[in-house]
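Residues per chain, in single letters:
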Amino acid sequence: MPKGLSYADAVKLLGGKGPLATAADNLLGGLLSVATLGGSDAALGFFDAKAEMARLSGLLSAKINDSVRGLGRHDRSQRLLAAHAVLVVTAFFDATDDFDRGESLDASRDEQLSAAGAPPGETMIYRLVTSQIPMPSADRSYDRLLDDLRQWYRERAAATADPRMIGRAVDLYDRAHRRLAEQIPEFAIWAGKLEARASARGLERLEVLLSRATSGSDPGAHRAALARVYRAELSRPVFRGDADRLVLPPLGDAYIDPHFRVKEVGPAARPSAESWWTDTAVRSDFPTFLATCLTTGQAAGAPMLLLGQPGAGKSSLTKILAARLPASDFFVVRVPLRDVPAEADVQEQVEAALRRAIGETVAWAALARESREALPVILLDGLDELLQTTGLHQSDFLERVAAFQEREATLDRPVAVVVTSRIAVADRTRLPGGTLVVRLEPFDDDQIGRWADVWNTANRGRLPAPLDIEALTRVRGLAEQPLLLLMLALYDADGNALRDDAAAFDSGQLYERLLTRFAEREVRRVHGDRTAELVEEELVRLAVVAFAMFNRNRLWVTARELDDDLAALDLAPSRPAGPAGFRTPLSAAQEMVRGLRLRDRQEDDPLQALLGFTPLTARNTVLPFVRGLIGDDERAVVRAILVRRTAQAVTRPVFTPSRYQPVDKRIDHWMSIYSLNLVLLVLACGGELRASDLFTQAADPADWLRGTALQWRAACPSGMWLEALENLTVRREWHEGRRDIVLGTGRAGVGAIDADWSNRFAPGHPRPDDYAGNFPVDAALKSMHLSNNLSDDALLHAVEPMLWQTPEAITTFVAHPERESVARSLIQLWLTSARTDNPADLARAYRRAAVAVAAVDFAGGSTATVLLHSLLADVSRLRPRDVLAVVERVIGDADRRASIFAIRCLIAPELADLGGNRDGLLARLFVWTLTDLDDALQARVLRAILASPPASASLTAMLARLRRSDRAQRLEILAAGNAGLAALLAQATGDRDKPADA
């Protein structure tokens, strides 16, 4: 949400010239002085200031329109937010007047101040004047703003303030806001009350909303040139390429305003995870959201991250936004990140985009100064492409954007920034505080229908029949993304094919058919016929285009690079054919599936050449496309061939030098990526893949696959390794007497660790009840530090306290009957204690932990202390016999600190009537810890022992053996003050001196 203003800040912002400024100056001086005074003088000063406040509020209503007329966008927004702050505080004091009249018309001024929520002289006034006030916000509704104000009023007033007065203050603010909304468009925008009679496409409503609040100033030569360039995009076809007889509707008509979710980031933000969005409602007021963001200054406080699936229309949105923002109030620069130097800083990237847009080198600082009355809006399109091209060293990109915004704000050049990215890579960049994350939602039926209406209108008379809405909804998974929806329309335009085939194909098959028809059209145009051989050659060339982009981690490729790739694969380029056809807009993931159709050759194997550079999971659409393209009748055969290839690649790899080198790649990394891609293709054929299918002769196939997986991880660029695993399943098991790992497809999580599997204890073979893991901890930690994987570090960081203090708990595994480490038992106990109210579950967790601790503390370790300390806190939640059982299990030869915690558990009131073993154990522990107990605890233990005859008898027997020990003096001191203990000592002395035959 926008950075808050205090009332004092607001009054300063309203300064300037004229009666409004005079009233503001008088009010600010009065309020700040009275806020530090006391007694009746403070009350009198306060009510004099209150009169000035009322005068300011009246002038505000009358003069605010004049005071903001002609101001630049940012200054206007700041003045209006200040006006909002004044309304908030004025409404509170007006409510105190209304409330007081209802209670007593004769109340004194001191009593009125008390009714406002605090006695005279206290700091309520200071809190009201200096506290930050909730501001209108794009990510919160107007109703939510009123709720925030209600809470703000409640916190600023004393606890005794009448709730009716708080409600009255909110109502008065709402009325004042509505009055100003009739004069000031921004107030109506913030409340979502400004009607905009425009269609819900092309962000027309955004333009209408902002045009009503424009300053109307001259944009200047450079801004005007930019505005013309961006405006021209609205009339250009939504899809640049050869559409044959069809008419591609212009972008301004074809772009349907999206539904969306919005959320401000917090410390644990995971925008790529669906679970992070579950508490966020879907909204349909995108133009109002953007208008609020741009007129409250919220967009200038931190970058906005705009996320969407591939084909969701993110780039189109930036084009539309650049075209719709009024040039009089906004200085827009659209920066396609794929077209500017990836390693440049933000300012250099903006300047490069300016030159590409208007063909003129312009310094950012100079242009920003020239455009002081306009709010700069920078649209950085394609962060995902930047991340994939440059790797993790761009993970601070958004932080650098925020630093750029902070610098510009310091120089009095505030700038709004919007950054677009695919959802899947959103977590690969750190998110600055205050960042708003917007996620574009898939089209619903209404949006699909409106897009189809635009298509049918543009192609009236050119289609065999209009695009059928019902056919589109049958393939909703495709039609809900704008790019795929356009592809469906192009496919259907050929004989309304979609009506017959809608239930028979997926997105991969859709692209297959589209590309085939495109190739047929190219062949027919160039060669005058449609021979199957020529069509197949054209499709192969398209596949190489796709791999050229894919293996370079880009969505574009130069002509020189493509010619080199084709020559390296012994393929001739096709004849130049004018327009680029569908090659430009189709992504690499969508085209590259054709490359997997390339047939094997003994020499210079194209499949091997193409698959050694980038994991196929770098685009999440590739493997689903491949899966759809493999026919059921050929699936088994293809899979068998791929399994054999994969086995050879991981057991007897052979590197064959190739002229095809789209990027520089280490030989070992190339071989690893090649084998990884073969595994992915096997899984795309269906079914699971075992390590033993690849390492058929290995005694431990799982260990061999482990080594191969380490090579895969080392070879994968930046964060692609973890991305590759997101859609894979990994299962450990024993198979035919060997440890095995089974790979599959899906998003299921991994199962619990089987410690016997990890420690190589096969089922049915004898093994000890407990054992230590066979690895040196120090060396293992060094290995982890050397590999320096963030995921490993995060998990290690979580267990470091236990690792440093009780390392044996990490490395010792105990049977329950299944094996688990002592550390796992303790952590499970703590979580159970914190989260369950079921005594049986808690007792079960303690019994399990006690068995584990008894195994690791056989030589008197410290883990028992940790467990007994937890037990002491839970004594009242467990049955007495369960407490005793845990103490008996773990106490053994435990150290004295653990014994003291055990004593505290045993003397708990809940165990007083337990008797039996408890009494004997208590007496034994008392003697063992005698010199370590403080006086108060000694007294409590003695009372418990003397109250129990069995405990007294046990103690007497032990005392007889201790009279000549180093504890004798301590016992005599205690006995001097305790008659019961003195009697036991006397009895113990008599027993000791009695003849053996007595």
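Residues numbered from 1 in each chain as written. Predicted model: local features only at pLDDT ≥ 70, side-chain atom pairs only at ≥ 80, totals over all residues. Heavy atoms only, no water.

In the nomenclature of an unreviewed UniProt entry, the protein corresponds to NACHT domain-containing protein from the organism Paractinoplanes rhizophilus.

Observations concerning the side chain of D492
Stated precisely, the cut-off is as follows: Helix and strand definitions here come from DSSP, where helices need a minimum of 4 consecutive H or I residues and strands a minimum of 2 consecutive E residues; each element is numbered from the N-terminal end. Classification of residues uses two cut-offs on accessible area relative to the type maximum, computed with a 1.4 Å probe and protein chains only: under 20% is buried, over 50% is exposed, and between them is partly exposed. Polar contacts, as counted here, are pairs of nitrogen or oxygen atoms within 3.5 Å of one another; within protein the pair requires one atom able to donate a hydrogen and one able to accept it, and residues that are adjacent in sequence qualify only if both atoms are side-chain atoms.
Of note, D492 is situated in helix 23 (residues 482–492). Owing to a relative accessible area of 3%, D492 belongs among the buried residues under this scheme. A distance of 3.0 Å separates a polar side-chain atom of D492 from the backbone nitrogen of L498.

What about the sheet that holds strand 12 (residues 819–821)?
Hydrogen bonding along the main chain pairs the strands of a sheet, whether they run parallel or antiparallel. Quick note on the threshold: At least two DSSP bridges between two strands are required for those strands to pair. Each axis is a line fitted through C-alpha atoms, taken for helices only over the stretch in contact, and angles between the N-to-C directions span 0 to 180 degrees. Here a residue-residue contact requires only that any non-hydrogen atoms of the pair lie within 4.5 Å.
The sheet built from three strands is open, its strands ordered 10-11-12 with antiparallel pairing. Every interior strand has two partners, whereas the edge strands, strand 10 (770–772) and strand 12, have only one. This sheet shows a mean twist of 25 degrees between the axes of neighbouring strands, independent of strand direction. Packing of helix 40 (residues 822–835) onto the sheet brings it into contact with strand 11 (812–815) and strand 12, and relative to strand 12 it is tilted by some 80 degrees. Helix 41 (residues 839–856) contacts strand 10, strand 11 and strand 12 of the sheet and is inclined by roughly 130 degrees relative to strand 11.

Describing the packing of aromatic side chains
Which entries qualify depends on this criterion: Only rings of Phe, Tyr and Trp enter the pairing, Trp through its six-membered ring, and a pair is recorded when the two centres are within 6.5 Å. The plane angle decides the type: under 30 degrees is stacked, over 60 is edge-to-face, the rest tilted. Criterion for a charge above a ring: Lys NZ or Arg CZ within 6 Å of the ring centre, and within 35 degrees of the ring normal.
Scanning the model with the defined rule gives 19 aromatic pairs in all. Ring centres of F187 and W190 lie 5.1 Å apart, and the angle between their planes is 45 degrees; on these two criteria the pair is classed as tilted. Residue F187 and its partner W190 are located together in helix 9 (residues 185–190), separated by three residues, close to a single helical turn. W190 matches F187 in its accessibility class, with the two residues each being buried. Members of the aromatic cluster, connected to one another through ring pairs, are F92, F93, W152 and Y153. The ring of W276 has K263 sitting right over it, with the charged end atom 4.5 Å from the ring centre. Its guanidinium or amino end placed over the ring of W757, R739 lies 4.1 Å from that ring's centre, counting from NZ or CZ.

Structural notes on the pairing of strand 4 (residues 375–381)
Burial runs high along strand 4: seven of the seven residues are buried. Of the two faces of strand 4, both are covered, the one formed by L375, V377, L379 and D381 as well as the one formed by P376, I378 and L380. Here seven bridges tie strand 3 (residues 330–336) to strand 4, and the two strands are oriented parallel to one another. Across the sheet, the residue bridging to P336 is D381, located in strand 4. Direction of pairing for strand 4 relative to strand 5 (residues 416–422): parallel, over a ladder of four bridges. What sits directly across from V377, in strand 5, is A416.

Observations regarding a nonpolar patch on the surface
The line we're drawing: Like-charged residues within 9 Å of one another, or nonpolar side chains (Val, Leu, Ile, Met, Phe, Trp, Tyr) within 5 Å, are grouped into patches, provided each residue has over 30% relative accessible area and no salt bridge. Each accessible area is a Shrake-Rupley estimate made with a 1.4 Å probe; only the visible protein chains count as cover when residues are assessed. By convention in these notes, a salt bridge is any Lys or Arg side-chain nitrogen within 4 Å of a carboxyl oxygen on Asp or Glu.
On the surface, a nonpolar cluster with roughly 300 Å² of combined accessible area is contributed by I827, W830, L831 and V866. Here the nonpolar patch gets three residues from one element, more than from any other, and that element is helix 40. Along the chain, the position of V866 falls in helix 42 (residues 863–874).

Some remarks on the packing of helix 42 against helix 43 (residues 880–891)
The condition that has to hold: Note on terminology: angles under 35 degrees are roughly parallel, angles over 145 are roughly antiparallel, angles of 65 to 115 are roughly perpendicular, and the others are oblique. Each residue receives one of three labels: charged for Asp, Glu, Lys and Arg, nonpolar for Ala, Val, Leu, Ile, Met, Phe, Trp, Tyr, Cys and Pro, and polar for the others, Gly being one of them.
Direction vectors running N to C along helix 42 and helix 43 enclose 170 degrees, while the axes themselves pass 10 Å from each other. Taken together, the axes of helix 42 and helix 43 are roughly antiparallel relative to one another. Along its contact with helix 42, which presents A864, L867, L868 and L871, the element helix 43 presents V883, V886, V887, V890 and I891. Classifying every residue of the contact of helix 42 with helix 43 gives nine nonpolar, no polar and no charged.

Looking at the sheet that holds strand 5
Spatial strand order, 1-6-2-5-4-3: six strands in an open sheet with mixed pairing. On the outer flanks of this sheet lie strand 1 (260–264) and strand 3, each paired with one strand and no other. Across the sheet, the mean angle from the axis of one strand to that of its neighbour is 20 degrees, orientation sign disregarded. Both strand 1 and strand 6 (residues 436–440) contribute to a ladder of five bridges, which runs antiparallel.

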